[in-house]
Amino acid sequence: MNTGLAGKRALVLGASRGLGAAIAQGLAAEGALVHAAARSTDAIRAYAQEATGSGVGRIDPIAVDLSKDASVTQLLETLVALGGVDILVNNGGGPKPGSARGQSSEAWITAFQTMAASIFRVTDAVLSGMIERRWGRIITVGSSGIEQPLVNLALSNSVRGAVAGWSKTLSTEMAPHGITVNMVLPGRIDTDRVRELDAGRAERSGASVEDVRQASRAEIPVGRYGRPEEFAACVVFLASVQASYITGSMIRVDGGLIRSL
């Protein structure tokens, strides 16, 4: 299948590891020029060399801290100097686990700033160029917790729900301009973040980490955790020219974990 991504310019947020890193590499493999952004760019530089050596696309690291306005401003200035992007992948790390009760105002504000307000701002900044070119892709990485709230992840469940409302609203506004806006919802993908959550569950319950992971696998119809590359493949497809009639959607990549229709 011809994705039509050769020569397209992409920005992937949260690209130092896990889903973001897999997405950046997946887009580069299709010939895109990828600006991979994260607070620390060391890991990005390591895998960027391999991608550049493949002779297909290219990955350029960019430093940004989505929790800091000044850092986001610097990112936007860099994007303007580069001429904007055709594809934006909004991806960020989740907040600390915790219940809904007892969260401080500061915790709620910080989570919303990092996971929502900053990506809203970045998206707004790249839309003008996409509208002018009458082509663009906005893809936001969410969580299966949007559809079935996850235990002890109140901040993530709540803020990602707000992001889902924003994404759906934006998709309607941008459709006449040839811009698609979608979300992809990961289930239990085998990333550092999920391993950290598993370790936390093990500590709270007194079970071993392997027991926790085995119990999680038993809940997944496919019977295993997903691979980051499998998740990235869905994002790459949504970024492609072949996905021009898919917008306003939330697509789960979860091995059948969520049972709701």
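To keep things clear, this report deals only with the structure shown in the data block. (Residues numbered from 1 in each chain as written. Predicted model: local features only at pLDDT ≥ 70, side-chain atom pairs only at ≥ 80, totals over all residues. Heavy atoms only, no water.)

Below, the discussion takes up the nonpolar core. Looking at soluble globular proteins, one finds that nonpolar side chains tend to be buried together. Formed by 35 residues in total, the largest nonpolar core has its most connected members in Ile-23, Leu-27 and Val-34. Broken down by secondary-structure element, the contributors of at least two residues to this core are strand S1 (9-12), helix H1 (18-29), strand S2 (33-38), helix H2 (42-53), strand S4 (87-90), strand S5 (136-141) and helix H8 (228-239). Setting aside chain neighbours within four positions, we find Leu-27 in contact with Leu-5, Ala-10, Val-12, Ala-32, Val-34, Val-89, Val-236 and Ala-239. Core analysis: the next-biggest nonpolar cluster, separate from the first, contains 34 residues, Ala-37, Leu-79, Trp-166 and Val-181 among them. (Core = buried A, V, L, I, M, F, W, Y, C linked by side-chain atoms within 4.5 Å. Buried < 20%, exposed > 50% of the residue type's maximum accessible area, 1.4 Å probe, protein only. Helix = DSSP H or I, 4+ residues; strand = E, 2+ residues; numbered from the N terminus. Contact = heavy atoms within 4.5 Å.)

Moving on to the sheet that holds strand S7 (residues 250-253). Pairing in this open sheet of 7 strands is parallel, and the strands run S3-S2-S1-S4-S5-S6-S7 from one edge to the other. Sheet topology places strand S3 (58-63) and S7 at the edges, where each strand pairs with a single neighbour. On average, each strand axis in the sheet is inclined to that of its neighbour by 20 degrees, with strand direction left out of account. Two elements, strand S6 (residues 179-186) and S7, share 4 bridges in a ladder whose sense is parallel. (Pairing = 2+ DSSP bridges. Axes fitted to C-alpha atoms, helices over the stretch in contact; angles between N-to-C directions.)

Here we take up H8. Side chains that are three or four residues apart share a direction in an α-helix, a result of its 3.6 residues per turn. Counted at 1.5 Å a residue, the expected span for H8 with its 12 residues is 16 Å, and the 17 Å between its end C-alpha atoms agrees. Taken together, the buried positions of H8 are occupied by Pro-228, Phe-231, Ala-232, Cys-234, Val-235, Val-236, Leu-238 and Ala-239. Those residues of H8 hidden inside the fold are in contact with H1, S4, S5, S6 and S7. (Expected span 1.5 Å × (residues − 1).)

Inspection of the secondary structure assignment puts Gly-142 in the loop between S5 and helix H5 (154-174). Using a relative accessible area of 7% as the deciding quantity, one classes Gly-142 as buried. The sequence separation of Gly-142 and Gly-7 amounts to 135 residues, and the corresponding C-alpha distance is 27 Å. Beyond its immediate stretch of four places on either side in the chain, Gly-142 contacts Arg-160, Met-183, Val-184, Leu-185 and Pro-186.

Two numbers describe how helix H4 (residues 105-133) lies on H5: the axes approach to 9 Å, and their chain directions differ by 20 degrees. Of the possible angle classes, the one that applies to H4 and H5 is roughly parallel. As H4 packs across H5, the resulting crossing turns out to be right-handed. Every residue of H5 that contacts H4 at Ala-107, Trp-108, Ala-111, Phe-112, Met-115, Ala-116, Ile-119, Phe-120, Thr-123, Leu-127 and Ile-131 is listed here: Ala-154, Leu-155, Ser-156, Ser-158, Val-159, Arg-160, Ala-162, Val-163, Trp-166, Leu-170 and Met-174. A breakdown of the residues in the contact of H4 with H5 according to their chemical character gives 18 nonpolar, 3 polar and 1 charged. (Parallel < 35°, antiparallel > 145°, perpendicular 65-115°, else oblique. Left-handed = near helix turned anticlockwise from the far one by under 90°. Nonpolar A, V, L, I, M, F, W, Y, C, P; charged D, E, K, R; others polar.)

The subject of this paragraph is the packing of H1 against H8. Geometry of a packed helix pair, given as the angle between the helix axes and the separation of the axes. One way to put it is that H1 packs onto H8 with a least axis distance of 8 Å and a crossing angle of 50 degrees. One way to sum up the angle between H1 and H8 is to call them oblique. Where H1 crosses over H8, the handedness of that crossing is right-handed. Contact residues: Gly-18, Leu-19, Ala-22, Ile-23, Gly-26 and Leu-27 in H1; Pro-228, Glu-229, Phe-231, Ala-232, Val-235, Val-236 and Ala-239 in H8.

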